[in-house]
Structure formats: C-alpha cells, structure tokens
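Here are the chains, one letter per residue:
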Amino acid sequence: WFFVGWLFLLTLVPFLIILTISFLSRSEVGLIEFRFTLENYDRCFQWLYAKVLWKTFALAGTATFGCLILGFPVAYYLARSQGSRRQVGLILLFIPFWTCFILRVYGLVSVLGSNGLLNRFLMEIGLVDEPVRILYTRVGVFLGLVYNYLPFLVVPVFSSLEKLDRTLLEASWDLGATRGQTFWKVILPNVKEGILVGCLFVFIPMLGEYVIPDLLGGAKEVFLGNIMVSQFFTMQDWPFGSALAGLLSSVLLVLLCVASRKAASK
C-alpha cells in the first residue's frame, strides 16, 4: 500500500493538477482564471501546433526504428556472448551514461558541427569536399535521439534474447531452416514482447524531449517538448501548456493500454 500511495502521490496527483489547469482560461494580464473552457484543446489542433505534433511523432517513431535497427544486433551479440565479453559489452554500452546528459549532448555538438570530428573525417577520406550541414537540422536531432536512447532499447531486447531457449534454434536448423527463416519464424516471435517494451521505453520519452531538439536542432526544429517548455516558462500560458501536456499524456496512455492488452491476450 505504501508503494501504491507513493505512485499515486507522485504520478496521478500531478497529472490531475495539469489536467485541471488545462480546462481553465488565461486572462489578458496573464493570470489563470477559474473558468471552464475547451479553447486550449481546440488551440492544440490548430495547423501550427498540429504540424509540430505530427513532426514530433514522426521523428520519435523514426528514431525508435533507428534504435531498433542498431540495437537488435547489439542485443543479440550480447545475449550470445559469455563471461568477460558480455560484461565488457554491457560496460561499453553504458559508459556514456556515466557523464551528465547535457555534456553528452554538447559532445555531439562538437562532433556534428561544420568543423566537428565527423566532417573532418569525411573530408579527410575524400568522401565530401566541404562540410556537410548536420548540426541544427532534423538529421542532427535524429542522431542525438538515437545516440542517447539506444541503451534503453537494447536492455529489454537483450533480456528477451537471453531467455530464449537455444534448443528452439537448434531444432530449426535441424529441420533445414535457413538463418533468415530461423530469425523470422523462431527468434522474432519469441522476443517481440521485449522489442515492444524497448520501443515504448524510447518512444515515450522521445515525445517529450526538448533538450536534444533545442541544442541539436536549433530554432528551426521546434518540437512539442520545446513548445510546452516555452508555454510554461516563457509565455507563462499554463492552461495551454497543460493542454499540450494533457493531450500528449492521453496519447501515451492509449499506447500503453494497447500494448498491455496485446501482452495480456498472449
């Protein structure tokens, strides 16, 4: 009961406060008026904000898919490794998390900049003649999201692969299945829950991310998290910022409910 009460206090109560503020209005002088209105949610679906919402979901989905493409081979290698190789692999995977999140993002700024390490390497090997513009673009934000959230997908997939019965693979090979058929027919169906959990682990926080888009995307790449932060702390429009947060939370709750129903039906 203590744990349930603690979750209620730190999760449900703040959400209810945000949800309540989202239905209030804002006066001309910037004060919150206790008058029920749906204008804040109607404003969320204006073209300007709807476009940002779609861009945020599209980039979060693309970055999640990128994490899956890069993370699954890493998780598979770690699951098949034994002893010191697995330990070293896990340590290398989490070494970046030994430093501050902001420092990691600023490190990417020095790597992706026009005079950064990546452009110098590309010019050194003759692949490009002039620096490629990566920083302050959507590509830079994509790379930053994948770099920072990749371990959160690797761990659940690694856990599922580690529990996979090796005799299933041996039986598949004995029956004449190719490596591709074994992957699609044996490995993937048995680890899809881990893949789903890993994708949710990275997709959900990506939707509310604002530090990476702000530092790597610049002013031209504004995402939903940046708008929410600006509404709360710059514009002081708490009702509209709460409406954006409430809308995002509702979408995430729907995704979690769908994922839990699929897991319960198996």
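Residues numbered from 1 in each chain as written. Predicted model: local features only at pLDDT ≥ 70, side-chain atom pairs only at ≥ 80, totals over all residues. Heavy atoms only, no water.

### Quick word on the overall build of the protein
Here is step 1: Along the backbone of the protein there are 12 helices and two strands.
Here is step 2: For the protein, the N- to C-terminal ordering of α and β elements is α-β-β-α-α-α-α-α-α-α-α-α-α-α.
Here is step 3: Here the C-alpha coordinates of the protein stretch approximately 75 × 55 × 35 Å along the principal axes.
Here is step 4: Here the protein holds 266 residues, and the buried ones make up 39% of them.
Here is step 5: Restricting the contact set of the protein to residue pairs at least 6 apart, pairs at least 24 apart contribute 68%.
Here is step 6: Put simply, the protein shows about 16,300 Å² of open surface, and 69% of that area lies on carbon and sulfur atoms.
Here is step 7: Put simply, the protein has 21 plus and 16 minus side-chain charges, and the middle of one group is 6 Å from the middle of the other. (Helix = DSSP H or I, 4+ residues; strand = E, 2+ residues; numbered from the N terminus. Buried < 20%, exposed > 50% of the residue type's maximum accessible area, 1.4 Å probe, protein only. Contact = heavy atoms within 4.5 Å. Areas by Shrake-Rupley, 256 points an atom, 1.4 Å probe, with all protein chains shown as cover. Lys, Arg positive; Asp, Glu negative; His and termini not counted. Charge placed at Lys NZ, Arg CZ, Asp CG, Glu CD.)

### A short note on the pattern of salt bridges
Here is step 1: One pass over the full model with this rule turns up two salt bridges.
Here is step 2: Arg43 is paired through a salt bridge with Asp237; the nearest N and O atoms lie 3.0 Å apart. Of this pair, Arg43 sits in helix H2 (residues 39-44) while Asp237 sits in the loop between helix H11 (224-233) and helix H12 (238-264), and the two are 194 residues apart along the sequence.
Here is step 3: Look at Asp237 and you get buried, because its relative accessible area is 7%.
Here is step 4: Here Glu162 and Arg86 are joined by a salt bridge, their closest N and O atoms 2.6 Å apart. Remark: Arg86 occurs in helix H4 (residues 84-94) and Glu162 occurs in helix H7 (residues 138-163); sequence separation between them is 76 residues.
Here is step 5: Given the relative accessible area of 41%, Glu162 is considered partly exposed. (Salt bridge = Lys/Arg side-chain N within 4 Å of Asp/Glu carboxyl O.)

### Details of unusual backbone geometry
Here is step 1: Positive phi outside glycine occurs at Tyr136, with the angle close to 65°.
Here is step 2: Its location among the elements puts Tyr136 in the loop between helix H6 (117-124) and H7.
Here is step 3: For Tyr136, a relative accessible area of 41% puts it in the partly exposed group.

### Section: the packing of helix H8 (residues 166-174) against helix H9 (residues 179-207)
Here is step 1: Relative to each other, H8 and H9 sit at 150°, their axes nearing to 10 Å. Classified by the interaxial angle, the pair formed by H8 and H9 is roughly antiparallel. For the element pair H8 and H9, the recorded crossing hand is right-handed. Taken together, the residues of H9 that come into contact with H8 (itself represented by Leu168, Leu169, Ser172 and Trp173) are Arg179, Thr182, Val186, Ile187 and Asn190.
Here is step 2: Of the residues that constitute the contact of H8 with H9, the class distribution is five nonpolar, three polar and one charged. (Axes fitted to C-alpha atoms, helices over the stretch in contact; angles between N-to-C directions. Parallel < 35°, antiparallel > 145°, perpendicular 65-115°, else oblique. Left-handed = near helix turned anticlockwise from the far one by under 90°. Nonpolar A, V, L, I, M, F, W, Y, C, P; charged D, E, K, R; others polar.)

### Some remarks on the nonpolar core
Here is step 1: Grouped together as the largest cluster of nonpolar side chains are 56 residues, with contacts concentrated most on Leu145, Leu161 and Met206.
Here is step 2: Taken together, the elements giving at least two residues each to this core come down to H2, helix H3 (47-80), helix H5 (101-112), H7, H9, helix H10 (211-217), H11 and H12.
Here is step 3: No other element matches the 11 residues that H3 contributes to this core.
Here is step 4: Non-local contacts of Leu161, meaning those with residues more than four positions away in its chain, are made with Phe72, Ala75, Tyr76, Ala79, Ile187 and Val191. (Core = buried A, V, L, I, M, F, W, Y, C linked by side-chain atoms within 4.5 Å.)

### Concerning the environment of Gly241
Here is step 1: The residue Gly241 is located in helix H12 in this model.
Here is step 2: Along the chain, Gly241 and Ser22 lie 219 residues apart, while their C-alpha atoms are 7.4 Å from each other.

### Topic: the packing of aromatic side chains
Here is step 1: Scanning all chains against the criterion turns up 10 aromatic pairs.
Here is step 2: Ring geometry for Phe97 versus Phe152: centroids 5.4 Å apart, planes at 90°, classification edge-to-face. Note that Phe97 is positioned in the loop between H4 and H5 and Phe152 in helix H7, a separation of 55 residues in sequence.
Here is step 3: One aromatic cluster is present, formed by Phe94, Phe97, Tyr149 and Phe152 through successive ring pairs. (Phe/Tyr/Trp six-rings, centres within 6.5 Å; stacked < 30°, edge-to-face > 60°.)

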